[in-house]
Amino acid sequence: MPDDVFTKHPHDTTPLGRNTTPVPECDVHSTTVGGKTCKAIDVPILSCASIWLRVQKEAEAWIAPGGKLIADPVARNRRINQAYAQLWLADKRFQWAGLAAFASKQVGCGLLHAADNINKSQEEMAANAYRPDIASSADIAAMNTIPAAISASSAYMYQQLALGNTTLFLDIYPLHRFYMLRGLKHLQGCLRERALIFKDIIWPIAQTKLAFGQPARDIVEAFEMVENNLIAKSVERFAHHEQINVLQATIYSDIAMRRALDANQFSWAVNFPTGVAAEISLTLSAECKTVAGPLTIMFSRNKTARLYDEDERMKFVYAAAARFDDLLKGSAEKNIEDSINEIARNGGVR
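No experiment lies behind these values; they were computed from the predicted model shown. (Residues numbered from 1 in each chain as written. Predicted model: local features only at pLDDT ≥ 70, side-chain atom pairs only at ≥ 80, totals over all residues. Heavy atoms only, no water.)

This brings us to the overall build of the protein chain. Looking only at helices and strands, one finds 11 helices and 4 strands in the protein chain. The buried share of the protein chain, reckoned over its 350 residues, is 47%. A fraction of 71% describes how many contacts in the protein chain between residues 6 or more apart in sequence connect residues 24 or more apart. Counting every atom, the protein chain has about 17,400 Å² of accessible surface; 55% of that belongs to carbon and sulfur. (Helix = DSSP H or I, 4+ residues; strand = E, 2+ residues; numbered from the N terminus. Buried < 20%, exposed > 50% of the residue type's maximum accessible area, 1.4 Å probe, protein only. Contact = heavy atoms within 4.5 Å. Areas by Shrake-Rupley, 256 points an atom, 1.4 Å probe, with all protein chains shown as cover.)

Rendered as structure tokens:
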């Protein structure tokens, strides 16, 4: 997807029914109408499904050039971050997309942390094989218990974070682009037909786990709020859709993911093993971490807190949405916009 996508067709301003190709270049043929011979041009009907397919392919162009997902989840994440940031820069009413640029960037930070844990654990296990003070294979296995567990848990976390990041993007980016192209009325009338294009698109999760294109009520309500300039409320409604309708089914209901999150939460709370746990926070900047202050929103550090619990997670998400809204209305607005511009340029994971 070219980075200047919105400068080319930000709102698809060509009116419906207006030709975009000169008539001499069209396929003109003879036909008979009412017994009279005349010239005709076949024009495809701009159906709901055709618009959905267009915006879905736009999303795929960001993260699956040539019809294949970018293999490296970190590189794919950077493209997702850029796409969200550019949505907000194109239309500041899409405040959810601005917040999503930061949240998705934070997912990228989690991917980097998980990959680092995997590498360090594997290096530790490799080194144990050559330690002169370890006498037997049983002793080596015992020494490798903790690094092996860290490696396995981090690898699963890496996989699930990438899945959630990709699935959410392919669900929600096309919704915003449809609204940009055709407005609220068409979105309302066409939402139920989105599922019809399933066989022609990339969907990274089994239909039985999360069916593509479900017409959730949250979607229409969120865009109605955008239309009525109830921006902060729209962010909350989009957040409910992304977290409950999409991510809960995609990653947070998974038993193995819950165990990995529980282990991370406990390790983070007690700081053991040191440096292994990923901090659960959202930093409203292009960096993974920043000094403590208004740009950082923290999840509970209670060792029994559960990120996968809907109520606990939504409190964190709503707090982040409120903080983002407050910062945009205050003196930090330029700093926030500068960070989103940076994410729009390079993905912002560093």
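Still to come is the rest of the account.
This part is about the pattern of salt bridges. Under the definition given, this model contains 15 salt bridges. The partner of Asp171 in a salt bridge is Arg194, and the shortest N-O contact between them spans 3.7 Å. Remark: Arg194 occurs in the loop between α6 (145-190) and α7 (217-227) and Asp171 occurs in helix α6; sequence separation between them is 23 residues. Note that Glu312 and Arg306 form a salt bridge whose closest N and O atoms lie 3.4 Å from each other. The class of Glu312 is partly exposed, set by a relative accessible area of 24%. Taken together, the shared-partner salt bridges in this structure form one network comprising Arg217, Asp218, Glu221 and Arg237. (Salt bridge = Lys/Arg side-chain N within 4 Å of Asp/Glu carboxyl O.)

Looking now at a nonpolar patch on the surface. Nonpolar side chains collect at one region of the surface, where Phe266, Val270 and Phe272 lie side by side and expose about 300 Å² of accessible area between them. Topologically, Phe266 is positioned in helix α9 (residues 255-270). (Patch = residues over 30% accessible without salt bridge, like charges linked within 9 Å, V, L, I, M, F, W, Y side chains within 5 Å.)

Attention now goes to unusual backbone geometry. Excluding glycine, most residues fall at negative phi; most peptide bonds, likewise, are trans. Here the bond from Phe272 into Pro273 is cis, since omega is -10°, no more than 30 degrees from zero. The phi angle at Asn229 is positive, at roughly 60°, despite the residue not being glycine. Relative to the helices and strands, Asn229 resides in the loop between α7 and α8 (231-252). Since its relative accessible area comes to 54%, Asn229 is described here as exposed. The phi dihedral of Asn271 is positive, around 60°, even though this residue is not glycine. Its location among the elements puts Asn271 in the loop between α9 and β3 (281-283). Accessibility expressed as a relative area gives 42% for Asn271, which makes it partly exposed.

This next bit is on the packing of helix α3 (residues 73-90) against helix α4 (residues 95-128). Between α3 and α4, whose axes approach to 7 Å, the crossing angle comes to 165°. In terms of axis orientation, α3 runs roughly antiparallel to α4. The chirality of how α3 crosses α4 is left-handed. Side by side, α3 and α4 meet where Pro73, Val74, Asn77, Ile80, Asn81, Tyr84, Ala85, Leu87 and Trp88 of the first sit next to Gln95, Trp96, Ala97, Gly98, Ala100, Ala101, Ser104, Lys105, Val107, Gly108, Leu111 and Leu112 of the second. Across the contact of α3 with α4, the residue classes tally to 14 nonpolar, 6 polar and 1 charged. (Axes fitted to C-alpha atoms, helices over the stretch in contact; angles between N-to-C directions. Parallel < 35°, antiparallel > 145°, perpendicular 65-115°, else oblique. Left-handed = near helix turned anticlockwise from the far one by under 90°. Nonpolar A, V, L, I, M, F, W, Y, C, P; charged D, E, K, R; others polar.)

Along α7, 8 of the 11 residues are buried, which leaves the element largely enclosed by surrounding structure. Residues of α7 that are buried: Asp218, Ile219, Val220, Glu221, Ala222, Phe223, Met225 and Val226. Those residues of α7 hidden inside the fold are in contact with α6 and α8. One or two steps after α7, the chain reaches Asn229, where phi turns positive at roughly 60°.

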